[in-house]
Amino acid sequence: MEELTELTRRGKHLAACRWTADIMRERTAAAAHFYGGAIIAPEENADRGQIGWFLLKGIPMVSQQVHNDKDNKTETFHGWRTTEKNRRAMVEEVGRRIRYFDAIGDGVKIEDPVVIQELKAFIRLKTGRTEAATGYKDDNVLSMAIGVACLGQAREYSMPQVP
């Protein structure tokens, strides 16, 4: 518990670190490899050039199809794009999975104090939009929501190949 107190300021749990883009992409790639070629889901609307790097390295990632009304065709793009339309459904699905945390293969049990704090500070505005209360972050909540939304593209775990 002492480590936790180092990450606490005025009663708020803080994330342990914020990585620079190069460290984030290298550790994400290493984690994907460690978990047997796991599919990653970098946010397309917060990309900072990472998706191209992952593609060049052959890191498997989620893709989405979006209809382009202008050209009247469906386009596929890599990464995850959060929109107002899918955000609400994603957040509601995370809430459902937390409520049914003990349902095998369906529920999500949260034990991390930083994530629990973010969930407690996650509010619904009068407009219906959900977000972190003033002074709080919602990065972990939205990361969980993206992960749950991408489960349909997930792979079954396999041991990584050792050369």
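Thresholds, definitions, all that
- Residues numbered from 1 in each chain as written.
- Predicted model: local features only at pLDDT ≥ 70, side-chain atom pairs only at ≥ 80, totals over all residues.
- Heavy atoms only, no water.
- Core = buried A, V, L, I, M, F, W, Y, C linked by side-chain atoms within 4.5 Å.
- Buried < 20%, exposed > 50% of the residue type's maximum accessible area, 1.4 Å probe, protein only.
- Contact = heavy atoms within 4.5 Å.
- Helix = DSSP H or I, 4+ residues; strand = E, 2+ residues; numbered from the N terminus.
- Axes fitted to C-alpha atoms, helices over the stretch in contact; angles between N-to-C directions.
- Parallel < 35°, antiparallel > 145°, perpendicular 65-115°, else oblique.
- Nonpolar A, V, L, I, M, F, W, Y, C, P; charged D, E, K, R; others polar.
- Patch = residues over 30% accessible without salt bridge, like charges linked within 9 Å, V, L, I, M, F, W, Y side chains within 5 Å.
- Areas by Shrake-Rupley, 256 points an atom, 1.4 Å probe, with all protein chains shown as cover.
- Salt bridge = Lys/Arg side-chain N within 4 Å of Asp/Glu carboxyl O.
- Pairing = 2+ DSSP bridges.
- pLDDT = per-residue confidence, 0-100.
- Phe/Tyr/Trp six-rings, centres within 6.5 Å; stacked < 30°, edge-to-face > 60°.
- Lys NZ or Arg CZ within 6 Å of the ring centre and 35° of its normal.

Colleague: Which parts of the structure should I look at to understand the nonpolar core?
Modeller: For soluble globular proteins, the rule of thumb is that nonpolar side chains tend to be buried together. Membership of the largest hydrophobic core is limited to 11 residues, which are Val62, Trp80, Met90, Val94, Ile110, Val115, Met144, Ala145, Ile146, Val148 and Cys150. Non-local contacts of tryptophan 80, meaning those with residues more than four positions away in its chain, are made with Ala41, Pro42, Glu43, Glu44, Asn45, Val62, Gln64, Asn86, Met90, Ile146, Ala149 and Cys150. Of all hydrophobic cores here, the second largest spans seven residues; its members include Ala32, Ile51, Phe54 and Ile59.

Colleague: Got a minute to help me understand unusual backbone geometry in this structure?
Modeller: Excluding glycine, a negative phi dihedral is what most residues carry, and trans is how most peptide bonds are arranged. Phi is positive for asparagine 72, which is not a glycine, with a value near 50 degrees. In this structure, asparagine 72 sits in the loop between strand E3 (63-68) and strand E4 (73-78). For asparagine 72, a relative accessible area of 59% puts it in the exposed group.

Colleague: Looking at this structure, how should I read the packing of helix H5 (residues 113-120) against helix H6 (residues 139-149)?
Modeller: Where H5 contacts H6, the two axes come as close as 8 Å, and the packing angle between them is 95 degrees. What the angle tells us is that H5 and H6 run roughly perpendicular. Residues Val114, Val115, Glu118 and Leu119 of H5 form the contact with H6, whose participating residues are Asp139, Asn140, Val141 and Met144. Among the residues making up the contact of H5 with H6, the classes are represented as five nonpolar, one polar and two charged.

Colleague: How do you make sense of the packing of helix H4 (residues 84-99) against H6 when you look at a structure like this?
Modeller: Between two packed helices, both the angle of their axes relative to each other and the distance between the axes serve to describe the pair. One way to put it is that H4 packs onto H6 with a least axis distance of 9 Å and a crossing angle of 90 degrees. One finds that H4 runs roughly perpendicular with respect to H6. Here Arg87, Met90, Val91, Glu93, Val94, Arg97 and Ile98 of H4 come into contact with H6, specifically with Leu142, Met144, Ala145, Ile146, Val148 and Ala149. In the contact of H4 with H6, the residues fall into 10 nonpolar, no polar and three charged.

Colleague: What exactly am I supposed to notice about a nonpolar patch on the surface here?
Modeller: Among the surface-exposed residues, Phe34, Tyr35, Tyr157 and Met159 lie close enough to one another that they form a single nonpolar patch of about 500 Å² accessible area. Along the polypeptide, tyrosine 35 turns up in the loop between helix H2 (21-34) and helix H3 (50-56). Assessed through its relative accessible area of 48%, tyrosine 35 is described here as partly exposed.

Colleague: Looking at this model, I keep getting lost on the pairing of E3. Mind explaining?
Modeller: Along a regular strand, successive side chains alternate from one face of the sheet to the other. One ladder, built from six bridges, connects E3 with E4; its direction is antiparallel. Within E4, the residue paired with valine 66 across the bridge is glutamate 75. In sequence, E3 turns back onto E4 through a hairpin of four residues, with asparagine 72 there showing a positive phi of about 50 degrees.

Colleague: In this structure, what is going on with the environment of threonine 130? I would like to understand it.
Modeller: Its location among the elements puts threonine 130 in strand E6 (residues 130-132). Threonine 130 sits 39 residues away from valine 91 along the chain, and the two C-alpha atoms are 7.9 Å apart. With sequence-adjacent residues up to four places away left out, threonine 130 is seen in contact with Arg87, Val91, Phe122, Ile123 and Arg124.

Colleague: Honestly, the confidence of the model for the protein chain in this entry has me stumped. Any pointers?
Modeller: Parts of the prediction with low pLDDT should not have their coordinates interpreted in detail. Across the protein chain, the average pLDDT comes to 83, with 87% of residues at 70 or higher. Within the model, pLDDT remains below 50 along residues 1-7, and this stretch shows seven contacts once partners closer than five positions in the same chain are excluded.

Colleague: Mind showing me how you'd approach the packing of aromatic side chains here?
Modeller: Working definition: an aromatic ring pair is given by the centre-to-centre distance plus the angle between the planes. Taken as a whole, this structure holds two aromatic pairs when the rule is applied. Judged by centre distance (4.9 Å) and plane angle (90 degrees), the ring pair of phenylalanine 34 and tyrosine 35 falls under edge-to-face. Taking the centre distance of 5.5 Å and the plane angle of 75 degrees together, the rings of tryptophan 53 and phenylalanine 54 count as edge-to-face. Among the residues examined, phenylalanine 54 registers a relative accessible area of 0% and is labelled buried. Above the plane of the ring of phenylalanine 77 lies arginine 81, whose end atom (NZ or CZ) is 4.1 Å from the centre.

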